[in-house]
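One letter stands for each residue in the lines below.
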Amino acid sequence: MLRYIIRRFLQMIPTVIGVIIVTFILFNLAGGSQARSALGERASVEALEEYDEIRGFNRPLLFGWWTRTRALEDTSFEHNAGFWRDVKGAAHYPPEGKLASRVHLKPGLMYEIPLAFDLREDASYRLRIRYRTAPNSTSAVVVKTRTGVDGTAGTEERETRAKMNPSAKWQKVDTLIESEENVASRSFFVEVGGTDIEVESISLRRRMDSPWHSQFTFYLLQIAHFDFGVSSSTNQRVSDLLRAGIGPSLALTIPIFVVGLFASVSLSLVCAFFRNRFVDRFFVVVAVGLMSINYLIFIIAGQYLLAYRWELFPVWGFESWRYLTLPVLIGVVSGLGSSLRFYRTIMLDEMYRDYVRTAFAKGAGKKNVLFKHVLKNAMVPILTNIVIAIPFLYTGSLLLETFFGIPGLGYLAINAINSSDVDVIRAIVLIGSILFVVANLITDISYAAVDPRVKLP
Amino acid sequence: MTELATQELPQHQSWWGETFRRLAAGKLNLFCLAVVVAYTMLACYGEYVYFASRAADKTPTYNIPDIGVKYLPPSLFRSRTAAVEGVKPTAWEHFLTHPLGTDGLGRDVLQRLIQGTRIAFRVGIITSLIAIPIGVLLGCLAGYFGGRVDDFVVWIYSTFASIPGLLFILAIAMIAGQGEKGVYLGIGLTTWVGLCRLIRGEVIKHKERPYVQAARVLGLSSGRIMFRHILPNVFHIVIVTFTIRFPAAVGTEVILSFLGIGMKGEPSWGVMISNARLQLWQGIWWEMTFVTLAIFFLVLSFNVLGDALRDALDPRLREDSTS
């Protein structure tokens, strides 16, 4: 038995890793700039950078030394000059006969690279310029990039030169600011000697302390510490939000689950008892009908008719158990259709088994067979269904909680989605998935405890 | 010898013919099929209106507000004097102007319902076009090759199956940019798991059948065996899955659009419900009622048809009937 549990436990690990990878892909890779959608279009660059810093989004994705920084967004000069518009003396126009345009720099001028905010003192930066000489020029060119105050000569000056023969080949020149360098102003200057140059792109990268300091390891460490980050809309810790939400969610979902289970199992027994008679047919039709009504309609109609028009229940809020009765009722009724059909099929499957025929043959009454034999044997699929449903209790009911103002995890999730609150959604998705995997594990182990055949590989 | 001669050979019937005959055995099934066809035609008409107004670069009529006729009840529920123009129309004209009433901006509910049908069909079809190929392809590969490939596919789908459904869809829709594309991707990328599982199981069974072994002995390529020989034999699963997932996708779209993550600017049923819900509290019942009925009949017909198709296409039941 122990060996089986260990084996089954090891099988669980790949799925958990899979869930972690999927959530990572979903929120880090595919998401693009979450900062903008969370903080809005008008947010300052510093705020965006801080948002990324807290969530580890300003690191390399998987592995690497260099990472982007919002101090200087990567710009391709093909379509517009970008930040380069503000730089004195630089021109932006297409080369002769070409549609794509470039930024042109003239010799003899000193251009300061416009940074959105001061660079961090504890980090090294690299500025990379890709350029070429203008196609018609013949003389040699020197591109200097400098750092320090005004780029003037002095102790704070640092110079990188790139010499090249006049040709139309793309060249690059890198300049570094080391973290230890004690410069008054950490900024970059470009100076061109000889002839005009045409700039294709300018990029600024920050150097990480270790190539392993990536978004992925950041995420894994967060999970290992059970720390799910900070909500961007309320600035509370996500773990606190989850802790506050789980109570109301369970207060709603557990009654729905228990009452729904009891109702659908007993109705399915009634159906099995009256198989193919009027009562059975009636319930089958009702079940198909209930399944065809949209979940939203149940909620809207219930809230409007039962609570608002007929004033049987409170309309909105979460103050006492009375506020939960209507949501629970709606939850039970909306789920009744599919679960009634499901359990009815299970009961009818059991009705055809040999042991049922034997029981009837030895003279047991219909009621006796149904409750003593069929129900007992049907318990196995019913239990599976119960255990599998348990993780979904935790996420609560997104819609019910939103409509009735129950401050649970579903309410939290909907608000988080509306405000693009990545950490909250990611945490809820992750925990929900892991609970599901664990519930599966528990089901399998309890099967093995009951039925020795399961343990065979 | 004489026995053979007198024995009537069963008339040849095509696969679809046989399926239809079994389906048509129930009157209710035929009725539901007719309802689905009617909805399909409405959706096509809606597509036509949509593209015609786009081609003419005009705001489509179902989106033009007309405050003068806002909150007009359905024509059967309003007196003839309260007509639009002030001139008393004939009974027939009265009946045909805004037959299902108007909403808070004076837009015709019937036209918007037809557009909602169009969007529902788009959602049902496009999400199926995303989910079904993924499920079929992965299921075939896993079932046919087994081993590492199978392990990999099982790993992927058990991962997807572990993630809470609606939240997963919402998260994808949010990331893909809230709107039409987000709805398609969200629903399409998450709902292939069940089909993949079923196809995988069936392919594993078929792999050992003599016809597959014969094809292998003939030296046919794996791709050809999988997709030309095995797939047609398990294709009934795809059809049943389509009829079951179609209404589910429509229902999910309604919820997404209602939450404001789905369709924008176009009158999807979810958007209509979200508008009508606020009006309901003021006693404007018609928009909500008609949207509810529209969704109900479409989903009900698909549910009944799905059940009937499952029985009609089940190979075991077919063999029973011919033997």
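Owing to the predicted nature of the structure, the values given are computational and were not obtained by experimental measurement.

About the criteria used
- Residues numbered from 1 in each chain as written.
- Chains lettered and ligands numbered in written order.
- Predicted model: local features only at pLDDT ≥ 70, side-chain atom pairs only at ≥ 80, totals over all residues.
- Helix = DSSP H or I, 4+ residues; strand = E, 2+ residues; numbered from the N terminus.
- Contact = placed C-beta atoms within 7 Å.
- Rg over C-alpha atoms; globule rule 2.2 N^0.38 Å.
- Buried ≥ 20, exposed ≤ 12 C-beta atoms within 10 Å, placed from the backbone.
- Nonpolar A, V, L, I, M, F, W, Y, C, P; charged D, E, K, R; others polar.
- pLDDT = per-residue confidence, 0-100.
- Core = buried A, V, L, I, M, F, W, Y, C linked by C-beta atoms within 7 Å.
- Axes fitted to C-alpha atoms, helices over the stretch in contact; angles between N-to-C directions.
- Parallel < 35°, antiparallel > 145°, perpendicular 65-115°, else oblique.
- Left-handed = near helix turned anticlockwise from the far one by under 90°.

Visitor: Explain the overall build of chain A here, please?
Guide: A tally of regular secondary structure across chain A gives 13 helices and eleven strands. For chain A, restricting intrachain contacts to residue pairs at least 6 apart in sequence, the fraction spanning at least 24 positions comes to 73%.

Visitor: What is the right way to look at the overall build of chain B in this model?
Guide: Assigned secondary structure in chain B consists of 14 helices and zero strands. When the helices and strands of chain B are listed from N to C terminus, the series reads α-α-α-α-α-α-α-α-α-α-α-α-α-α. For 323 residues, the compact-globule estimate of 2.2 N^0.38 gives 20 Å, and the C-alpha radius of gyration of chain B, at 25 Å, exceeds that figure by more than 25%. When its C-alpha atoms are laid out on the principal axes, chain B stretches across 85 × 60 × 35 Å. Per-residue burial over chain B gives 42% buried out of 323 residues. The contacts in chain B between residues at least 6 apart in sequence include a share of 71% that link residues at least 24 apart.

Visitor: Got a minute to help me understand unusual backbone geometry in this structure?
Guide: Working note: non-glycine residues mostly have negative phi, and peptide bonds are mostly trans. Although it is not a glycine, A:Asn276 adopts a positive phi angle of roughly 65 degrees. On the neighbour-count criterion, A:Asn276 (10 C-beta atoms within 10 Å) is exposed.

Visitor: Please explain the interface of chain A and chain B as it appears in this structure.
Guide: How big an interface is tends to be stated in terms of the accessible area lost upon association of its parts. Each partner contributes to the interface: chain A provides 36 residues, whereas chain B provides 32 residues. Looking at the side of chain A that touches chain B, the elements with two or more residues in it are α1 (2–29), α6 (278–292), α7 (295–309), α11 (398–404), α12 (409–418) and α13 (422–450) of chain A. For the side of chain A that touches chain B, the element with the most residues is α13(A), which contributes seven residues. Counted by class, the side of chain A that touches chain B contains 25 nonpolar, eleven polar and no charged residues.

Visitor: Would you explain the confidence of the model for chain B in this entry?
Guide: Atom-level detail of predicted coordinates should not be read off regions where pLDDT is low. Confidence in the prediction of chain B, expressed as mean pLDDT, is 86, and 90% of residues score 70 or more. In the model of chain B, helix α1 (residues 2–6) of chain B stands out as the element of lowest mean pLDDT, 51, in contrast to helix α5 (residues 109–145) of chain B, which has the highest, 94.

Visitor: Can you help me understand the nonpolar core in this one?
Guide: If you look at soluble globular proteins, the nonpolar side chains tend to sit buried side by side. Residues A:Ala413, B:Ala171 and B:Val291 are the most contacted members of the largest nonpolar core, which totals 142 residues. Excluding residues that lie within four positions of it along the chain, B:Ala171 makes contacts with A:Leu26, A:Ile425 and A:Val429. With 21 residues, the next largest nonpolar core counts A:Ala71, A:Leu127, A:Ile129 and A:Val199 among its residues.

Visitor: I'm lost on the environment of B:Leu33 in this one. Help?
Guide: Residue and element names in this part refer to chain B. As for its position among the elements, Leu 33 is in helix α3 (residues 27–55). The partly exposed category is assigned to Leu 33, around which 18 C-beta atoms lie within 10 Å. A C-alpha to C-alpha distance of 7.1 Å links Leu 33 and Ser 301, two positions 268 residues apart in sequence.

Visitor: Please explain helix α7 (residues 165–175) of chain B as it appears in this structure.
Guide: Since the α-helix turns once every 3.6 residues, residues separated by three or four places project in the same direction. The element α7(B) is extensively covered by neighbouring structure, given that ten of its eleven residues are classed as buried. What α7(B) keeps buried is the set B:Leu166, B:Leu167, B:Phe168, B:Ile169, B:Leu170, B:Ala171, B:Ile172, B:Ala173, B:Met174 and B:Ile175. In this fold, the buried residues of α7(B) make contact with α1, α11, α12 and α13 of chain A together with α8 (180–190) and α11 (222–258) of chain B. At the exit of α7(B) stands B:Gly177, carrying a positive phi of roughly 90 degrees.

Visitor: Could you clarify how one ought to interpret the packing of α3(B) against helix α13 (residues 286–313) of chain B in this entry?
Guide: To describe two helices that pack against each other, one gives the angle between their axes and the distance between the axes. Residues and elements named next belong to chain B. Contact geometry for α3 and α13: axes closest at 9 Å, N-to-C directions at 130 degrees. Between α3 and α13, the interaxial angle falls into the category oblique. Viewed along their axes, α3 and α13 form a crossing whose handedness is left-handed. For the pair formed by α3 and α13, the contact residues are Leu 28, Asn 29, Cys 32, Leu 33, Val 35, Val 36 and Tyr 39 on the first element and Phe 297, Leu 298, Ser 301, Phe 302, Val 304, Leu 305 and Ala 308 on the second. Among the residues forming the contact of α3 with α13, the class breakdown is twelve nonpolar, two polar and no charged.

Visitor: For this particular structure, what's the right way to read the packing of α11(B) against α13(B)?
Guide: All names here are of chain B. In the contact formed by α11 and α13, the axes pass within 9 Å of each other and the chain directions differ by 165 degrees. The pairing of α11 with α13 is recorded here as roughly antiparallel in orientation. Like other packed secondary-structure pairs, α11 and α13 cross with a definite hand, here left-handed. Of the residues in α13, those touching α11 at His 236, Ile 239, Val 240, Thr 243, Ile 244, Phe 246, Pro 247, Val 250, Gly 251 and Val 254 are Ile 295, Leu 298, Val 299, Phe 302, Asn 303, Leu 305, Gly 306, Leu 309, Arg 310 and Leu 313. Among the residues forming the contact of α11 with α13, the class breakdown is 14 nonpolar, five polar and one charged.

Visitor: Where do I start with the environment of A:Arg8 in this structure?
Guide: All names here are of chain A. Within the fold, Arg 8 resides in helix α1. We classify Arg 8 as partly exposed; it has 17 C-beta atoms within 10 Å. Between the C-alpha atoms of Arg 8 and Leu 441, which are 433 residues apart in sequence, the distance is 7.0 Å. Sequence-distant contacts of Arg 8, defined by excluding residues within four places in its chain, comprise Leu 441, Asp 444 and Ile 445.

Visitor: Whenever I open this one, the environment of B:Ala294 confuses me. Can you help?
Guide: Position of B:Ala294 among the secondary structure elements: in helix α13. Considered as a pair, B:Ala294 and B:Ser274 are 20 residues apart in the sequence and their alpha carbons are 15 Å apart.

Visitor: Is there a simple way to explain the confidence of the model for chain A in this structure?
Guide: Residues and elements named next belong to chain A. Confidence in the prediction of chain A, expressed as mean pLDDT, is 79, and 82% of residues score 70 or more. Confidence scores differ between elements of chain A, with strand β8 (residues 158–164) showing the lowest mean pLDDT of 58 and α6 the highest of 91. Low confidence marks residues 150–156, where pLDDT is under 50. Its contacts with residues over four positions away, or in another chain, come to eight contacts.

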